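# Remarks on the overall topology
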Amino acid sequence: MKIRSFDVDKAILYLVATPIGNLKDMTFRAIEILQSVDKIYAEDTRTSGVLLSHYDIHTKLESYHEYNQDLKSDQVLKELQSGMKLAIISDAGLPVISDPGYKLVTLAIENGIAVSTIPGASAGISALIASGLAPMPYTFYGFLDAKHTKRIKELEEVKYLSHTIIFYEAPHRIAETLKDMLDVLGNRHIVLARELTKTFEEYSRGTIEEILVDLPLKGEMVLIVEGYKEAGQIDNPFQKIDELISLGTKPNEAIKEVAKLTNSNRSELYKKYLQYKNEQ
Ligand code: SAM
């Protein structure tokens, strides 16, 4: 079934991206749409109120969050069926992505109502592109479960995935999550991207063990984790050593890690690596 978003007279549900920290990351189109719709549904009306008043948007604002979405969805659907144009926003980034909205999207689609995306910032993909880890293929995981046993189970399910994985995590849980990752996934390369787009944006790159030594415990954070690599799967061990060093691993650690991954003798690998560098 084909539903067009450009039919100006019809009801439509807009999914509008908002900034993830820096108010300037708001698109012209997002402002235009939020000014023009009949109503905006927001995860937290107080948080969104600040953004909307900054951009002089005075559209009616109502809450739609995790805890009232079952009740509110029927109301939203009725409004769409009556011909209203609505927008949904979350506290930050894209609605639907680790935020409410999915239920509304499916309801709208099932009822033949147009859904349109107004793109912009999203923490996960923004962290991925700056991480220096393989950008493709990737898996967006979002939040792991808050309970240790469930989290371990979830990590076991993704252990052999060769994709780079994007996780969201809260600062008060980051230490335990990283320790669980170390136990289940092994000492992988990770990037902890913090406070993206804000004044103190920061990337910590290294192995899980290295990051745990000086772990930042504040701020909003995204965790990018390299995918599973089978022993012997590395085509060029010297390039892999260079890649690890460029990501912040100490040279002797990089050689140790690649020796382990390729099942080779560490000092032999070191000698060959030096020879390779000399010939370059
Ligand atoms: N819908 C949002 C998106 O598109 O990215 C994600 C919302 S989720 C409830 C909030 C999580 O996103 C935070 O706990 C953190 O993991 C991540 N996040 C949001 N803003 C961030 C930022 N500025 N820097 C790093 N991580 C951020």
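Keep in mind that what you see is a predicted model, and the values were worked out from it rather than measured. (Residues numbered from 1 in each chain as written. Predicted model: local features only at pLDDT ≥ 70, side-chain atom pairs only at ≥ 80, totals over all residues. Heavy atoms only, no water.)

### What to know about the sheet that holds strand β9 (residues 202-207)
By way of backbone hydrogen bonds, the strands of a sheet pair with one another, either parallel or antiparallel. Taken in spatial order, the 5 strands make up an open sheet running β6-β7-β10-β8-β9, and their pairing is mixed. Both edges of this open sheet fall to β6 (138-143) and β9, since each of them pairs with a single strand only. Ignoring which end each strand starts from, the neighbouring axes of this sheet average 15 degrees apart. Bridge count for strand β8 (residues 189-194) against β9 is 6 bridges, and the pairing is antiparallel. Bridging across to β9, A193 finds its partner in Y203. Most of the contacts of helix α7 (residues 174-185) go to strand β10 (residues 221-225), to which it runs at about 10 degrees, and overall it touches β7 (164-169), β8 and β10. (Pairing = 2+ DSSP bridges. Helix = DSSP H or I, 4+ residues; strand = E, 2+ residues; numbered from the N terminus. Axes fitted to C-alpha atoms, helices over the stretch in contact; angles between N-to-C directions. Contact = heavy atoms within 4.5 Å.)

### Re the packing of aromatic side chains
Under the criterion given, the structure shown has 8 aromatic pairs. Between the aromatic rings of Y160 and Y228, the centroid separation amounts to 4.8 Å while the plane-to-plane angle is 80 degrees, which identifies the pairing as edge-to-face. Of this pair, Y160 sits in the loop between α6 (148-158) and β7 while Y228 sits in the loop between β10 and α9 (237-246); the two residues are 68 residues apart in sequence, bridging distant segments of the chain. The exposure class assigned to Y228 is partly exposed, which follows from its relative accessible area of 27%. Members of the aromatic cluster, joined through ring pairs, are F140, F143 and Y168. (Phe/Tyr/Trp six-rings, centres within 6.5 Å; stacked < 30°, edge-to-face > 60°. Buried < 20%, exposed > 50% of the residue type's maximum accessible area, 1.4 Å probe, protein only.)

### Regarding the side chain of T249
Its place among the elements puts T249 in the loop between α9 and α10 (251-261). Leave out the neighbours within four places in its chain, and T249 touches H189, E210, L244 and A254.

### What about the site of the ligand?
Every one of the 19 residues lining the ligand counts as a neighbour, but I20, L94, S122, Y168 and M221 are closest to it. Contact between the ligand and L196: a nitrogen atom at 2.9 Å from a main-chain N or O atom of the residue. The backbone of M221 places a nitrogen or oxygen atom 2.6 Å from an oxygen atom of the ligand. Within the complex, 91% of the 580 Å² of free accessible area of the ligand lies under protein. For the shell around the ligand, the secondary-structure elements that each account for two or more residues are β7 and β10. By residue class, the composition of the shell around the ligand is 11 nonpolar, 3 polar and 5 charged. For the shell around the ligand, the domains that each give at least three residues are domain 1 (12-121) and domain 2 (124-225). (Near = heavy atom within 4 Å. Polar contact = N/O pair within 3.5 Å; in protein donor to acceptor, adjacent residues only side chain to side chain. Areas by Shrake-Rupley, 256 points an atom, 1.4 Å probe, with all protein chains shown as cover. Nonpolar A, V, L, I, M, F, W, Y, C, P; charged D, E, K, R; others polar. Domains from an automatic or database assignment.)

### Considering the packing of α6 against α7
The relative placement of two packed helices is expressed as an angle between their axes plus a distance between the axes. Relative to each other, α6 and α7 sit at 45 degrees, their axes nearing to 10 Å. Judged on the interaxial angle alone, α7 and α6 are oblique. Helix-helix and strand crossings are classified by hand; for α6 and α7 the assignment is right-handed. Residues H148, R151, I152, L155 and E156 of α6 lie in contact with α7, whose contacting residues are E176, T177, D180, M181, V184 and L185. Partitioning the contact of α6 with α7 into residue classes produces 5 nonpolar, 2 polar and 4 charged. (Parallel < 35°, antiparallel > 145°, perpendicular 65-115°, else oblique. Left-handed = near helix turned anticlockwise from the far one by under 90°.)

### Focus on the domain arrangement of the protein chain
Assigned domains of the protein chain: these are domain 1 (12-121), domain 2 (124-225) and domain 3 (237-279). On a C-alpha basis, the centroid separation for the pair domain 1 and domain 2 is 28 Å. Taken together, the contacts link 6 residues of domain 1 with 9 residues of domain 2. Together domain 1 and domain 2 conceal approximately 540 Å² of surface at their shared face, both sides included; 60% is due to carbon and sulfur atoms. (Buried area = accessible area lost by both parts, 1.4 Å probe.)

### Thoughts on the pattern of salt bridges
Summed over all chains, the structure comprises 16 salt bridges. Across the pair E79 and K39 runs a salt bridge whose closest N-O atoms are separated by 2.6 Å. Taken as a pair, E79 in helix α3 (residues 69-81) and K39 in strand β2 (residues 39-42) lie far apart in primary sequence, 40 residues in all. For K39, a relative accessible area of 5% translates into the label buried. With its nearest N and O atoms 3.7 Å apart, the salt bridge here joins E226 to K240. Of this pair, E226 sits in the loop between β10 and α9 while K240 sits in helix α9, and the two are 14 residues apart along the sequence. Comparing E226 with K240 shows no difference in burial state: the two are buried. Linked by salt bridges that have partners in common, K39, K60, E62, K72 and E79 make up one network. (Salt bridge = Lys/Arg side-chain N within 4 Å of Asp/Glu carboxyl O.)

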